[in-house]
Amino acid sequence: MQTLSRRTTAREGGFTLVEVMVATLIGAMTLVGALTMVSYQSRLIQHTQERIYVNQVLESRIEEMRDMTWEELSALTTPLTFVVRPATTIEGNLIQGVDETGYYRDLTNAQGVVNITWPQTTLMQVELLVTWRTKRDGRANHLRLVLYITEQGLSRPGPIYRD
């Protein structure tokens, strides 16, 4: 009788090998899930930074067009292409995230195109499109902004289309 109680007491004091292995497996699965989530969030942040930068480029092109007269805009022949310029501070220093060549670190072959069409004689539709590839995965991306200009000036920009 005494022997049985010693075995029972010894078993209650520790874990079996199976219990330790199951706990280790659960811990490993949790760790892999957490690392996957961190990796995904990192890629998402980089993708968002790219889009913010490209959106700023599109907005600067709109501001350039805002300074033009109706006659100057009407005289433009499209498509017009432009290179996505380096991101710099007012002092001319490269913004963090930009490499020594001056281009945003993750953008390659970043090009912009301006297309102008005339749905009506006093209305011009301007489409600004920037395309680029990311260095990390080579995936093609684009961001497009459509706005309408009348002889009285720019209308409110249309929605940003993400195809």
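Residues numbered from 1 in each chain as written. Predicted model: local features only at pLDDT ≥ 70, side-chain atom pairs only at ≥ 80, totals over all residues. Heavy atoms only, no water.

Chemist: Please set out the environment of N115 residue by residue, giving values where relevant.
Modeler: On the secondary structure map, N115 appears in strand β2 (residues 107-120). A relative accessible area of 28% places N115 in the partly exposed class. Setting aside its immediate chain neighbours within four residues, N115 contacts T78, P79, Q125, V126 and E127. (Helix = DSSP H or I, 4+ residues; strand = E, 2+ residues; numbered from the N terminus. Buried < 20%, exposed > 50% of the residue type's maximum accessible area, 1.4 Å probe, protein only. Contact = heavy atoms within 4.5 Å.)

Chemist: Which residues make up the packing of aromatic side chains, and what values do they have?
Modeler: Going through the model one piece at a time under the given rule, you end up with 1 aromatic pair. Here W70 and W118 contribute two aromatic rings whose centre-to-centre distance is 5.6 Å and whose plane-to-plane angle is 90°, an arrangement assigned as edge-to-face. On the criterion of sequence distance, the pair formed by W70 in helix α3 (residues 70-75) and W118 in strand β2 is long-range, its members being 48 residues apart. You can call W70 buried: its relative accessible area is 15%. The class for W118 is partly exposed, based on a relative accessible area of 40%. (Phe/Tyr/Trp six-rings, centres within 6.5 Å; stacked < 30°, edge-to-face > 60°.)

Chemist: A description of the pairing of strand β3 (residues 123-134) should follow, citing residues and the corresponding values.
Modeler: The pairing of β3 with strand β4 (residues 140-150) spans 11 bridges and is antiparallel. Residue pairing in the sheet places M124 in a bridge with I149 of β4. From the end of β3 to the start of β4, which pair antiparallel, there are 5 residues, and G138 there has a positive phi angle of about 70°. (Pairing = 2+ DSSP bridges.)

Chemist: I'd like a rundown of the confidence of the model for the protein, residues and numbers included.
Modeler: For the protein, per-residue confidence averages 76 on the pLDDT scale, and 72% of positions sit at 70 or higher. Model confidence for the protein, summarised as mean pLDDT per element, is weakest for strand β6 (residues 160-161) at 50 and strongest for helix α2 (residues 17-66) at 88. (pLDDT = per-residue confidence, 0-100.)

Chemist: Tell me about α2, and name the residues and values.
Modeler: Across its 50 residues, α2 extends 73 Å between first and last C-alpha, which sits within 8% of the 74 Å expected from 1.5 Å per residue. Along α2, the residues that are buried comprise H47, E50, R51, Y53, V54, N55, V57, L58, R61, I62 and M65. (Expected span 1.5 Å × (residues − 1).)

Chemist: Could you give an account of the side chain of R61, with specific residues and numbers?
Modeler: Turning to its location among the elements, R61 is positioned in helix α2. With relative accessibility at 15%, the residue R61 sits in the buried group. When near neighbours in sequence (up to four residues on either side) are disregarded, R61 contacts F82, V83 and L128.

Chemist: An account of the nonpolar core is requested, with residue identities and associated values reported.
Modeler: Burial of nonpolar side chains together is a common tendency in soluble globular proteins. Of all hydrophobic cores here, the largest spans 22 residues; its most connected members are V114, M124, V126, L128, V130, L147 and I149. Only α2, α3, β2, β3 and β4 provide two or more residues apiece to this core. Of the residues forming this core, the biggest block, 6 residues, is contributed by α2. With near-sequence residues (within four places) excluded, V126 lies in contact with M65, V114, N115, I116, L145, V146, L147 and I149. (Core = buried A, V, L, I, M, F, W, Y, C linked by side-chain atoms within 4.5 Å.)

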